[in-house]
Each structure stands twice: as C-alpha cells, then as structure tokens.
Amino acid sequence: DTEPQVAAHVQVAGFDPDVRVLESMQFPKILVLRGEDGKDYQFVAKGGEDLRKDERIQALFRVIG
C-alpha cells in the first residue's frame, strides 16, 4: 500500500454560487467546485440512490457536449 500523494491533489478554492437542480424524481443537485488549478469540477449531490450511474451519465454528457 502506498500513501496518498497529497501534494499532487487539487485543493478546493471555492464553490460556484449557482446550484443546478435536475428535474427527476430525487431532484439531484449539480454542484461546481473550483480547484486551485483554475478548473471547475462538477459533482452530483442527492440522497437515496446509487450515484455511480449518475456519474456515468455525467461523463457521457461531457463527451457529447
């Protein structure tokens, strides 16, 4: 087992003040975190369901869009 390389991880610099709410049964929220590297990182936040499927759908949208 190797130790995490913390120096190589992107640190959160802030959050986008706007939160998108998707219109589905659980009303998941799309949060955008801004990294210190200047990039935006999107995350899905919701309760009660498997988020792995949602992550795959988001990845598909990034490829398409």
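Look up: the structure comes first, before these words.
Visitor: Just to check I follow, could you spell out the overall build of the protein for this structure?
Guide: From N to C terminus, the protein includes one helix and four strands. Counting from the amino terminus, the protein carries its helices and strands in the arrangement β-β-β-β-α. Its C-alpha atoms give the protein a radius of gyration of 14 Å, more than 25% over the compact-globule value 11 Å for 65 residues. With the C-alpha coordinates of the protein rotated into their principal frame, the extents come out at 40 × 30 × 25 Å. Among the 65 residues that make up the protein, the fraction classed as buried is 14%.

Visitor: Could you clarify how one ought to interpret a nonpolar patch on the surface in this entry?
Guide: A surface patch of nonpolar side chains, about 420 Å² in accessible area, is lined by Ile57, Leu60, Phe61 and Ile64. Relative to the elements of secondary structure, isoleucine 57 occurs in helix α1 (residues 51-64). Isoleucine 57 gets classed as partly exposed once you look at its relative accessible area, which sits at 35%.

Visitor: Just to check I follow, could you spell out the environment of glutamine 42 for this structure?
Guide: Among the structural elements, glutamine 42 can be located in strand β4 (residues 40-45). Each C-alpha atom of the pair glutamine 42 and lysine 29 lies 10 Å from the other, and the pair is 13 residues apart in sequence. Not counting the four nearest positions on each side in its chain, glutamine 42 is found in contact with Ile30, Leu31, Val32 and Gln58.

Conventions we followed
Residues numbered from 1 in each chain as written. Predicted model: local features only at pLDDT ≥ 70, side-chain atom pairs only at ≥ 80, totals over all residues. Heavy atoms only, no water. Helix = DSSP H or I, 4+ residues; strand = E, 2+ residues; numbered from the N terminus. Rg over C-alpha atoms; globule rule 2.2 N^0.38 Å. Buried < 20%, exposed > 50% of the residue type's maximum accessible area, 1.4 Å probe, protein only. Patch = residues over 30% accessible without salt bridge, like charges linked within 9 Å, V, L, I, M, F, W, Y side chains within 5 Å. Areas by Shrake-Rupley, 256 points an atom, 1.4 Å probe, with all protein chains shown as cover. Salt bridge = Lys/Arg side-chain N within 4 Å of Asp/Glu carboxyl O. Contact = heavy atoms within 4.5 Å.

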